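Residue-level structural notes
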Amino acid sequence: MKIINLLKIAISAIRRNKLRSFLTMLGIVIGVGAVITMLAIGQGSNESIKSSIASMGTNLINVMPASRNRGGVQQGRTSSQTLKEKDVAYLSKNCTMVTAISPEMNTSGQVVSGSNNWPTSINGGNEEYITIKKYEISSGRFYTAKEIKTAAKVCVLGQTIVDNIFPDGTDPIGQTVRFEKIPFKVIGVFKEKGDNTFGDDQDDVILAPYSTIMKRITRETYLRAIVFSAKSEDKITETSAEIEELLRSSHGLKDAEDNDFEIRTQEELISNFGSISELLVVLLGSISAISLLVGGIGIMNIMYVSVTERTREIGLRLAIGGKGKDILWQFLIEAMLLSVFGGIIGVLLGYLASFIVEHVMNWPVLITESSVVMSFMVCTFIGVFFGWYPARKASALDPIVALRHE
Amino acid sequence: MSNNSIIEIKNLHKNYQVGDEIVRALRGVDLTIDKGEFVAIMGTSGSGKSTLLNILGCLDTASEGDYFLDGKNVKTLKRNELAEIRNTKLGFVFQSYNLLPRTSALENVELPLLYNGAVNSKLRRERAEEALIAVGLKDRMKHLSNQMSGGQQQRVAIARSLVNNPVIILADEATGNLDSRTSFEIMALFQELNEKGITIGFVTHEAEIARFTKRNVVFRDGRLIKDMIVKDRGDAKQSILDLKDDDYNFSS
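These numbers were taken from a predicted model, which means no experiment stands behind them. (Residues numbered from 1 in each chain as written. Chains lettered and ligands numbered in written order. Predicted model: local features only at pLDDT ≥ 70, side-chain atom pairs only at ≥ 80, totals over all residues. Heavy atoms only, no water.)

Each partner contributes to the interface: chain B provides 27 residues, whereas chain A provides 28 residues. Across the chain B/chain A interface, buried area totals approximately 2,400 Å², and carbon plus sulfur atoms make up 55% of it. Considering only the surface of chain B that becomes buried against chain A, Arg79, Leu114 and Tyr115 of chain B emerge as the three largest contributors, covering 28% of it. Linking Glu84 of chain B and Lys323 of chain A is a salt bridge whose minimum nitrogen-to-oxygen distance equals 3.0 Å. At the boundary of chain B with chain A, the tally comes to 14 residue pairs in polar contact (both at pLDDT 80 or more). Only helix H2 (79–89), helix H3 (105–114) and helix H4 (121–134) of chain B provide two or more residues apiece to the side of chain B that touches chain A. (Contact = heavy atoms within 4.5 Å. Buried area = accessible area lost by both parts, 1.4 Å probe. Salt bridge = Lys/Arg side-chain N within 4 Å of Asp/Glu carboxyl O. Polar contact = N/O pair within 3.5 Å; in protein donor to acceptor, adjacent residues only side chain to side chain. Helix = DSSP H or I, 4+ residues; strand = E, 2+ residues; numbered from the N terminus.)

With that out of the way, let us pick up the domain arrangement of chain A. Interface size, as often reported, equals the accessible area lost upon joining of the parts. With domains assigned, chain A is organised as domain 1 (3–52 + 272–404) and domain 2 (81–259). For domain 1 of chain A and domain 2 of chain A, the distance between their C-alpha centres works out to 57 Å. (Domains from an automatic or database assignment.)

The subject of this paragraph is the pairing of strand E7 (residues 154–157) of chain A. All names here are of chain A. Every second residue of E7 is oriented toward a common face, with Val154 and Val156 on one face and Cys155 and Leu157 on the other, all of them buried. Here four bridges tie E7 to strand E9 (residues 182–190), and the two strands are oriented parallel to one another. Bridge pairing in E9 links Leu157 to Val189. Where E7 meets strand E10 (residues 206–209), two bridges bridge the pair, whose relative direction is antiparallel. The residue bridging Val156 from the neighbouring strand is Leu207, located in E10. (Buried < 20%, exposed > 50% of the residue type's maximum accessible area, 1.4 Å probe, protein only. Pairing = 2+ DSSP bridges.)

Now for the sheet that holds strand E1 (residues 5–18) of chain B. In spatial order, the strands read E2-E1-E4-E5 (chain B); together these four strands make up an open sheet with antiparallel pairing. Pairing within the sheet leaves two strands with one partner each, and these edge strands are strand E2 (21–34) and strand E5 (72–73) of chain B.

The next point concerns a negative patch on the surface. Residues and elements named next belong to chain A. The grouping of Asp163, Glu192, Asp195, Asp200 and Asp201 at the surface amounts to a negative patch. As for its position among the elements, Asp200 is in the loop between E9 and E10. A relative accessible area of 45% places Asp200 in the partly exposed class. (Patch = residues over 30% accessible without salt bridge, like charges linked within 9 Å, V, L, I, M, F, W, Y side chains within 5 Å. Areas by Shrake-Rupley, 256 points an atom, 1.4 Å probe, with all protein chains shown as cover. Lys, Arg positive; Asp, Glu negative; His and termini not counted. Charge placed at Lys NZ, Arg CZ, Asp CG, Glu CD.)

Residue and element names in this part refer to chain B. Sheet architecture is open: six strands sit in the order E6-E7-E8-E3-E9-E10, paired in mixed fashion. Bordering the open sheet on either side are strand E6 (90–93) and strand E10 (223–229), each of which pairs with just one other strand. Here the average twist between neighbouring strands, direction ignored, is 20°. Here helix H1 (residues 49–56) sits on the sheet in contact with strand E3 (38–43), E6, strand E7 (168–172), strand E8 (200–204) and strand E9 (215–220), set at roughly 140° to E3. (Axes fitted to C-alpha atoms, helices over the stretch in contact; angles between N-to-C directions.)

In structure tokens:
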């Protein structure tokens, strides 16, 4: 029997029972819609985490002192004193795979202007720090190499700080603020960056020359960290290897000795958070896959009822020359059509639901082609899988018995 | 075997196993039906006439004996081969019409040809239209089966049995669900088709219906006990006219 005839027969059978066909499809519609929406939500948040990490600079490399074990007690990183200014000088001279390098200092405290104050932390770096951390100046200027050399008491403020210590809207440039009793002249304000992925306010920041923090506030001779911009994002691994090698030789470590520092790249961060959000995708996906499965069982149920209800029709088809395999294909195609039609409507529903989630709830969503293609293929498979048993039952009927069925 | 015979069965036996018992439904039947015949197969329930019809219709096979349909021994054929014989050589008319519900007359009549790969959709439509015209339903081709009266539905079923140009039409109590007037109308249609040379095998238990055929064969307990030519053959059209003009009037 020609496939086109089989299709005609199956379509007319579906049209004869519009309501029942619709209800059968509903399970698949909801299942596919749920899979697409859930995957869109999961992948959307995954993608937004990745892009917000990237906004901090994917070519960023952080070197921190390793935590030390003193008499069996793990010491905090800040108490390690392994990173020095001379390391920065050595690395900037010998490191070939980085475009920028800066020491990093930071300490927390209260910033005061007049009668307003705000708890925050002050970060220090050299003149390249602004490029490495991807900050931009909105007004005023960044500090210069000369100001770093002289440990000048100048600072650049983030927008959160400005909002809190100059609530009346005074232009902060040229004003003096105090941090831990040290007066700083405000020379610039950063463009707003917003919250990062972890909910930290990236505008709650004061940047000053690292030398000023070292000499005037913390009175330390060691660095909290050294930050780098790698030349190429693709060569992060090679770049960290070079940094590691240079630092080991600068620190005079023997082969058997562990590193007294730790190198962190954004890539690791992305992969750590990526695996969490991928877990979310899998979780959401598998929950909605269950509803797809239930939809498939619904199809099997209806096809089974359908075969019983249409026993006489099957008897007639067999009597007028339909072969067992014609009947098998008719019911199988019917089940497949139901699930594919349901799948198409489900895809549309998934798009609609994702659109609503994106615009009403303001969640990031991302519909990938692969999730559409996959749920479509699963649909067809469900049609075949759950249609098979009832279809085989129909094809194996004895025409005489089927014709006599009441 | 005469050249003219459509059906020739020789010493046909059919046994069923029901629990521990063997039911002998047919016990050695010989029957020949020639081209152009109109045979009523009669008998009470349990006489074996339905079993015979199932075998004649290639829906079942005999336990013993030979069955030649249009010169071919079908006794040894497989399930799919039997389906092909039914599709190309036989036409069925059932007591309860067995039309597809909510489907047009035309589509119902086209159904057997859908299972014949050699017939394309254009030819299928033409032949279905011809068949519906032959049963007098030219104006009702697009009507849905559930919008028709019993008589009209049975006409659609007859058109469906004609559409593949079968060597014989097998009707099983085809008037069983109809009132007298409509039964006569259906018999008139069968008589008309038979006049055109179509061979018909007609199972019935009503003598009143059987008298419209040309030959009656009567079964009892699995054996053919009587085979006779109908002498005083009824004219179904005349019988309709003879009916009193009473409450049958509204049926058409």
